[in-house]
Amino acid sequence: MFDILIAGGWPMLPILLTSALALAIILERFWTLRRGAVLPPDLGVQVRVWARAAKLDPAHIDALAAGSPLGQLLAAAVRVRGRPRELIKERLEDTGRHVVHRMGRYLNTLGTIALIAPLLGLLGTVIGLIRMFLAVMVHGAGDPTKMAGGIGEALICTATGLVVAIPAYVFHRYFRSRIDGYAVSMEQEAARLLDELDAPGAPPATTPASAASSARAPAKSATRARVAPAPAPVER
């Protein structure tokens with residue numbers, strides 16, 4: 001195999017570099033786009049139960065957003081719970097675009113490799129044919145070994161470029177389809193959470209200002225009770 005690669009000439013070097021990069025991207029995307037890492041089981045049900053019971057404090061929401069892409073999407077809706085439905089829906093759409101964009105990380109590079117690998121193989125083919133014709137010009141057509149070297153270099157580069165490009169293209173389409181499927185599932189979970197937050201009796205969002213005002217209310221009542229004058233005695 002090493003002899004074959006050496007026979008391909010220097011155009012084999014960029015083809016081998018792109019193949020190593022494509023392999024690294026494929027392995028990384030397989031690990032990152034695991035279903036359990038993107039869509040943890042029963043996470044949507046848990047968040048709806050927590051939202052119904054008003055058990056989501058800021059620290060809990062931050063941990064939810066950092067856990068998975070689905071958690072990040074649901075946390076964006078929980079942060080604005082109690083707001084109008086259109087505002088929550090707009091926040092979900094904005095966050096969803098960012099989440100899908102991050103899931104497609106490096107896929108443009110993988111698609112570029114699938115595009116340029118055959119071109120690099122074609123470049124090696126052209127260089128091999130040029131070498132073959134130069135050998136014919138110098139030594140004539142009577143020496144088949146000179147012609148075989150150029151033809152071999154051309155065929156090796158072409159085959160190697162296709163070997164790199166075909167798997168890169170296949171995995172690029174595979175990861176794109178997997179991300180599309182994840183996006184549909186996350187959209188369904190977000191719609192269920194939106195219905196839960198918009199249901200009658202849903203707990204409103206707790207803000208620092210509302211918490212402070214509610215804490216000051218009993219104090220004001222107590223102060224008014226202390227300063228209230230005693231009733232005057234009734235004269236007989």
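Residues numbered from 1 in each chain as written. Predicted model: local features only at pLDDT ≥ 70, side-chain atom pairs only at ≥ 80, totals over all residues. Heavy atoms only, no water.

(A) Quick peek at the overall build of the chain. Looking only at helices and strands, the chain features ten helices and zero strands. Evaluated residue by residue, the chain yields a buried proportion of 31% over its 236 residues. Considering only contacts in the chain between residues 6 or more positions apart, those separated by 24 or more positions represent 78%. Here the chain displays about 14,700 Å² of accessible surface, and carbon together with sulfur accounts for 66% of that area. (Helix = DSSP H or I, 4+ residues; strand = E, 2+ residues; numbered from the N terminus. Buried < 20%, exposed > 50% of the residue type's maximum accessible area, 1.4 Å probe, protein only. Contact = heavy atoms within 4.5 Å. Areas by Shrake-Rupley, 256 points an atom, 1.4 Å probe, with all protein chains shown as cover.)

(B) The arrangement of unusual backbone geometry in detail. One non-glycine residue, Asp42, lies in positive phi territory at about 65°. Examined against the element boundaries, Asp42 turns out to sit in the loop between helix 3 (35–38) and helix 4 (43–53).

(C) Summary view of a negative patch on the surface. Negative charge collects at one region of the surface, where Glu86, Glu90, Glu93 and Glu187 lie side by side. Ranked by residue count, the leading element in the negative patch is helix 7 (residues 85–103), at three residues. Its place among the elements puts Glu93 in helix 7. (Patch = residues over 30% accessible without salt bridge, like charges linked within 9 Å, V, L, I, M, F, W, Y side chains within 5 Å. Salt bridge = Lys/Arg side-chain N within 4 Å of Asp/Glu carboxyl O. Lys, Arg positive; Asp, Glu negative; His and termini not counted. Charge placed at Lys NZ, Arg CZ, Asp CG, Glu CD.)

(D) Geometry of a nonpolar patch on the surface. A contiguous nonpolar patch, built from Leu115, Ile116, Leu119, Leu122, Val126, Ile130, Leu134 and Met137 and spanning about 780 Å² of accessible area, is present on the exposed surface. Tracing the chain through its elements places Leu115 in helix 8 (residues 107–139).

(E) Looking closely at the pattern of salt bridges. A full pass over the atoms with the stated rule returns seven salt bridges. Note that Arg29 and Glu28 form a salt bridge whose closest N and O atoms lie 2.6 Å from each other. Through salt bridges with shared partners, a single network forms among Arg48, Glu189 and Arg192.

(F) Focus on the packing of helix 5 (residues 58–67) against helix 6 (residues 69–79). Their axes nearest at 6 Å, the elements helix 5 and helix 6 cross at an angle of 150°. In terms of their interaxial angle, helix 5 and helix 6 are classed as roughly antiparallel. When helix 5 is examined against helix 6, the residues Ile61, Asp62, Leu64 and Ala65 are found in contact with a partner set consisting of Gly71, Gln72, Leu74, Ala75, Val78 and Arg79. When its residues are assigned to classes, the contact of helix 5 with helix 6 shows six nonpolar, two polar and two charged. (Axes fitted to C-alpha atoms, helices over the stretch in contact; angles between N-to-C directions. Parallel < 35°, antiparallel > 145°, perpendicular 65-115°, else oblique. Nonpolar A, V, L, I, M, F, W, Y, C, P; charged D, E, K, R; others polar.)

(G) Representation of the environment of Phe30 within the structure. Looking at where Phe30 falls in the secondary structure, it is placed in helix 2 (residues 12–32). For the pair Phe30 and Phe171, spaced 141 residues apart in the sequence, the C-alpha separation amounts to 9.7 Å. If sequence neighbours within four positions are ignored, Phe30 has contacts with Phe171, Tyr174, Phe175 and Arg178.

(H) Summary view of the confidence of the model for the chain. With 74% of its residues at a pLDDT of 70 or more, the chain shows a mean pLDDT of 79. Put simply, helix 10 (residues 208–227) is where the chain has its lowest mean pLDDT, 41, and helix 2 is where it has its highest, 93. Note that pLDDT drops below 50 for residues 205–236; the model gives that stretch three contacts with residues more than four away or on any other chain. (pLDDT = per-residue confidence, 0-100.)

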